Amino acid sequence: MSARNEKAPDSMEQACMLCRRAEVDPDICGCKLEKQGLCVHVFCLFLANELFQQWDKNVGLMGFLPVDIQRTIERAAQKRCFVCGESGAAITCRETGCDRSFHLPCAVEGGCITQFLPQYRSFCWEHRPEQAVEAAPEENTTCLICLDPVGDRKSYSTMVCPACKHAWFHRGCIQHACCVAGQRLTRISAGANWRSKGSVSMCFAW
């Protein structure tokens, strides 16, 4: 097993047991949970195949039973990531008949799509859903979030507002904005003692 699968370079940080990475983009994998001998990223939990959350979110790790997580880790050990070539790929394309599996941190490099809302489905580069809107950015169009150019055509790394067809964004900028919005809404909800359980998921669906 490579060093990056166990610990971060020059660090004692524990690696996620589902993606086998210690240092990742938190916008992609979420925060890390460590409990009952398990260490996993939140989004790795939700997106792993055949791993289901219980109604009671206080049991296990955010409602995921340790025994179920361990079974998922064991199944993933038999699957190799089609992007990096290493084992431990817990996510498999949801297209019927497709057996491409990958680690969540490898999703962007492999051109995969992961949907951060129930049913938490994932797709490889060949079967990923695409925006149905027909649009192309005008010359010198920039992302409304980071203000960097978005290129001259719709691509995997860019998205366009389907209503006006003029507002363009980088996929990574959308992801980061959703994460920040979700964190803020969670803090507001906790402060107001709200009980809504779908608020963060709705932010990721934006």
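(A) A look at the pattern of salt bridges. Using the criterion set out here, one finds four salt bridges in the structure. Here Glu126 and Arg100 are joined by a salt bridge, their closest N and O atoms 2.9 Å apart. Pair noted here: Glu126 is in the loop between β6 (122-123) and β7 (158-160) and Arg100 is in the loop between β3 (91-92) and β4 (101-102), with a separation of 26 residues, a long-range link. Residue Arg100 is classed as partly exposed on the basis of its relative accessible area, which comes to 22%. A salt bridge links Asp152 to Arg153; the nearest nitrogen and oxygen atoms lie 3.4 Å apart.

(B) Here's a closer look at the nonpolar core. Counting residues in each nonpolar core, the largest one holds 33 residues, and the members touching the most others are Leu18, Val40, Leu45, Ile69 and Leu104. Among the secondary structure elements, those contributing two or more residues to this core are α1 (26-29), β2 (38-41), α2 (42-47) and α3 (66-76). Per element, the largest residue contribution to this core is six residues, and it comes from α2. If we ignore the near neighbours within four places in the chain, the residues touching Ile69 are Leu38, Val40, Leu45, Leu51, Leu61 and Phe64. Residues Val150, Trp168, Phe169 and Cys178 belong to the second largest nonpolar core, which totals 10 residues.

(C) Seen up close, the pairing of strand β1 (residues 32-35). The pairing of β1 with β2 spans four bridges and is antiparallel. Bridging across to β2, Glu34 finds its partner in Cys39. Counting the residues between successive antiparallel strands, the hairpin from β1 to β2 contains two residues, one of them, Gln36, with a positive phi of roughly 55 degrees.

(D) Geometry of the side chain of Gln175. Secondary-structure assignment places Gln175 in helix α4 (residues 171-191). In this structure Gln175 comes out as buried when scored by relative accessible area, which is 15%. Leaving out residues up to four positions away in the same chain, Gln175 has contacts with Asp27, Ile28 and Phe116.

(E) Highlighting the side chain of Ser101. In this fold, Ser101 is placed in strand β4. Since its relative accessible area comes to 3%, Ser101 is described here as buried. A distance of 2.7 Å separates polar atoms of two side chains, one belonging to Ser101 and the other to Thr92. Filtering out sequence-adjacent residues up to four positions away, Ser101 remains in contact with Lys79, Arg80, Cys81, Phe82, Ala89, Ile91 and Thr92.

About the cut-offs
- Residues numbered from 1 in each chain as written.
- Predicted model: local features only at pLDDT ≥ 70, side-chain atom pairs only at ≥ 80, totals over all residues.
- Heavy atoms only, no water.
- Salt bridge = Lys/Arg side-chain N within 4 Å of Asp/Glu carboxyl O.
- Helix = DSSP H or I, 4+ residues; strand = E, 2+ residues; numbered from the N terminus.
- Buried < 20%, exposed > 50% of the residue type's maximum accessible area, 1.4 Å probe, protein only.
- Core = buried A, V, L, I, M, F, W, Y, C linked by side-chain atoms within 4.5 Å.
- Contact = heavy atoms within 4.5 Å.
- Pairing = 2+ DSSP bridges.
- Polar contact = N/O pair within 3.5 Å; in protein donor to acceptor, adjacent residues only side chain to side chain.

Coordinates in, geometry out; function isn't part of it.
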